[in-house]
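# Breakdown of the fold
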Amino acid sequence: MSRPAKIFIDLAAVEANYKYAQILAPNSNAIAVVKADAYGHGAVEVAKKLASSAELFAVSCLEEALVLRQAGIEQSILLLEGCFSQDEIPLAVTQNCQLVVHTQQQIDELLNADISQPVSVWLKVDTGMHRLGIQPDEAAQASLTLKASKNVKAVLLMSHFSSADNLASDGVSKQLDVFENCVSTIKEIGIQKSMANSAGILAWPNSHKNWNRPGIMLYGLSPFSEYQPQASQLQAAMSFESEIIAMRDVSAGESVGYGDTWVANRPSVVATVAVGYGDGYPRTAKLGTPVLVNKQRVPLAGRVSMDMISIDVTGLQNVNIGDKVELWGKNLGANEVAFWADTIGYELVTRMPTRAKRLFI
Ligand SMILES: *Cc1c(COP(=O)(O)O)cnc(C)c1O
């Protein structure tokens, strides 16, 4: 008695992917990135599943960290953009968060904060992404200033890649050079470092530092648009499924759906599936986007509605009302659907609305 559009989350797959991130980088420690509700997979459930293996979680803001605390997660939590204002710092510290600092203003606010215990600080350096981070030639002074503060327990150095998902890019090695040059200016011996996201972990072994930051790979999605051998071993955690709720014959020349964008070029059988953009299926999915019915691929026929899609099941044997449909998951990658919808798998899984019920298996 419920809407058939459902999201199944395989937590064992998340755990296997986390262990795989550790195996790929045996000399690094893997921070489990569970920001944005674990990329739409449920941050509380994912963090509970990983609590026995991950030493540190990462989220984008204090609010996301507090959700994990309220659920009983005890690990330290890294705030990837740090605090957004000075008044957040005391709560972040009492809640056992670690802070990224990426501007001089954040550094000053931390130095001036009234906190009862010192905090671990991840000094972010801009090595080429040009989004967050202080300039590499400012890092040595900043780390000295931070180290000298009673508010600071430890200083770690981090940066982020702009194009590690592009296997042909020379940007990764350029950024690594800038990063290591920056490290060499810092007097402190053995300062802990972090560079690699999922793409770095999977494809760029020389980006593995003390701490890696796997995000999308935990959920079984490849960060690459092309085949990559390490990424091909990931296990998809999210299955987005629904059911056929109507079937009809459509004569050649008749159209299906809003705007008449699909026209039958032969006598056709069209099935209506109870899933639409209101459930997180992208409206930008083009005609022909693959959908799985009883494990067979069929094309999307007509525009995606809020609550429904239509698929062309002409010639398919044994298709009936009530049959299961996979929109993406273990047998059809979210990245492939994303390609047909002019986006990336990251966006599809992360922006799932609450209407589609999430079930943990
Ligand atoms: C989101 C994020 C990550 C994880 O990136 P993936 O490509 O999902 O692995 C790593 N580091 C930072 C700073 C991030 O914001």
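Our subject is the structure that appears above.
Residues numbered from 1 in each chain as written. Predicted model: local features only at pLDDT ≥ 70, side-chain atom pairs only at ≥ 80, totals over all residues. Heavy atoms only, no water.

Helices and strands together make up the secondary structure of the protein, namely 11 helices and 19 strands. Across its three principal directions, the C-alpha atoms of the protein cover 75 × 45 × 35 Å. Taken across its 361 residues, the protein has 54% of its residues classed as buried. In the protein, 64% of the contacts between residues at least 6 apart in sequence involve partners at least 24 apart. Surface accessibility of the protein: about 16,000 Å² in total, with carbon and sulfur atoms responsible for 51%. Across the protein, the mean location of the 30 positive side-chain charges is 4 Å away from that of the 36 negative side-chain charges. (Helix = DSSP H or I, 4+ residues; strand = E, 2+ residues; numbered from the N terminus. Buried < 20%, exposed > 50% of the residue type's maximum accessible area, 1.4 Å probe, protein only. Contact = heavy atoms within 4.5 Å. Areas by Shrake-Rupley, 256 points an atom, 1.4 Å probe, with all protein chains shown as cover. Lys, Arg positive; Asp, Glu negative; His and termini not counted. Charge placed at Lys NZ, Arg CZ, Asp CG, Glu CD.)

Membership of the largest hydrophobic core comes to 115 residues, with the highest contact counts inside it found for L110, L123, Y281, I309 and W328. The greatest single-element share of this core, amounting to six residues, is contributed by helix α1 (residues 11-24). Ranked by size, the runner-up nonpolar core spans six residues in total, among them V250, A264, V270 and A301. (Core = buried A, V, L, I, M, F, W, Y, C linked by side-chain atoms within 4.5 Å.)

Bringing the site of the ligand into the picture now. The environment of the ligand is formed by K35, Y39, L80, K124, H160, N197, S198, R213, P214, G215, I216 and Y346. S198 is positioned such that a nitrogen or oxygen atom in its side chain is 2.5 Å from an oxygen atom of the ligand. Side-chain polar atom of R213 to a nitrogen atom of the ligand: 2.8 Å apart, as the coordinates give it. Surface burial for the ligand is 92%, taken as the share of its 390 Å² of free accessible area covered by protein chains. Taken together, the residues of the shell around the ligand break down into five nonpolar, four polar and three charged. (Near = heavy atom within 4 Å. Polar contact = N/O pair within 3.5 Å; in protein donor to acceptor, adjacent residues only side chain to side chain. Nonpolar A, V, L, I, M, F, W, Y, C, P; charged D, E, K, R; others polar.)

Counting buried residues in strand β6 (residues 97-101) gives five out of five residues, a clear majority hidden from the surface. Residues C97, L99 and V101 of β6 are buried on one face, and the alternating residues Q98 and V100, pointing to the opposite face, are buried as well. Sheet analysis places strand β5 (residues 76-79) next to β6, joined by three bridges and oriented parallel. Each residue of the ladder has a partner; that of I77, found in β6, is C97. As a crossover connection, the stretch from β5 through helix α5 (residues 89-94) into β6 is right-handed. Of the strand pairs in this sheet, β6 and strand β7 (residues 119-124) are connected by three bridges, and their pairing is parallel. Across the sheet, residue L99 finds its bridge partner in β7, namely V121. For the segment spanning β6, helix α6 (residues 104-112) and β7, crossover handedness is right-handed. (Pairing = 2+ DSSP bridges. Right-handed = clockwise from strand over helix to strand, strands pointing away.)

Here we take up the packing of α6 against helix α7 (residues 139-147). Following both chains from N to C, one finds α6 and α7 inclined at 15°, their axes separated by 10 Å at the closest point. Our classification of the angle between α6 and α7 gives roughly parallel. For the pair α6 and α7, the crossing hand works out as left-handed. Between α6, through I107, L110 and L111, and α7, the contact on the second element is made entirely by A142, T145 and L146. Here the residues of the contact of α6 with α7 are counted per class, giving five nonpolar, one polar and no charged. (Axes fitted to C-alpha atoms, helices over the stretch in contact; angles between N-to-C directions. Parallel < 35°, antiparallel > 145°, perpendicular 65-115°, else oblique. Left-handed = near helix turned anticlockwise from the far one by under 90°.)

A separate point is the pattern of salt bridges. Taken as a whole and assessed by the stated rule, the structure comprises 15 salt bridges. The partner of K147 in a salt bridge is E188, and the shortest N-O contact between them spans 3.9 Å. Of this pair, K147 sits in helix α7 while E188 sits in the loop between α8 (171-185) and β9 (193-194), and the two are 41 residues apart along the sequence. According to the relative accessible area criterion, E188 is partly exposed, its value standing at 29%. (Salt bridge = Lys/Arg side-chain N within 4 Å of Asp/Glu carboxyl O.)

Looking now at α8. End to end, α8 covers 21 Å across 15 residues, agreeing with the expected 21 Å (1.5 Å per residue, within 8%). Considering only its buried residues, α8 is in contact with α7, β8 (152-158) and β9. (Expected span 1.5 Å × (residues − 1).)

Tracing the chain through its elements places T284 in the loop between β14 (268-273) and β15 (290-293). Overall, the relative accessible area of 48% leaves T284 in the partly exposed class. Through-space distance from the C-alpha of T284 to that of W340 is 7.9 Å; in sequence the pair is 56 residues apart. Other than its neighbours up to four places away in sequence, T284 contacts W340 and A341.

Here we take up the packing of aromatic side chains. One pass over the full model with this rule turns up five aromatic pairs. Ring geometry for W122 and W211: centres 5.9 Å apart, planes at 70°, overall edge-to-face. Of this pair, W122 sits in strand β7 while W211 sits in strand β10 (residues 211-212), and the two are 89 residues apart along the sequence. Through successive ring pairs, a cluster of aromatic residues spans Y39, Y219 and Y346. (Phe/Tyr/Trp six-rings, centres within 6.5 Å; stacked < 30°, edge-to-face > 60°.)

Among the secondary structure elements, F84 is positioned in the loop between β5 and α5. Separated by 201 residues in sequence, F84 and A285 have C-alpha atoms that sit 36 Å apart. Look past the residues within four positions of F84 in its chain and what remains in contact with it is S60 and C61.

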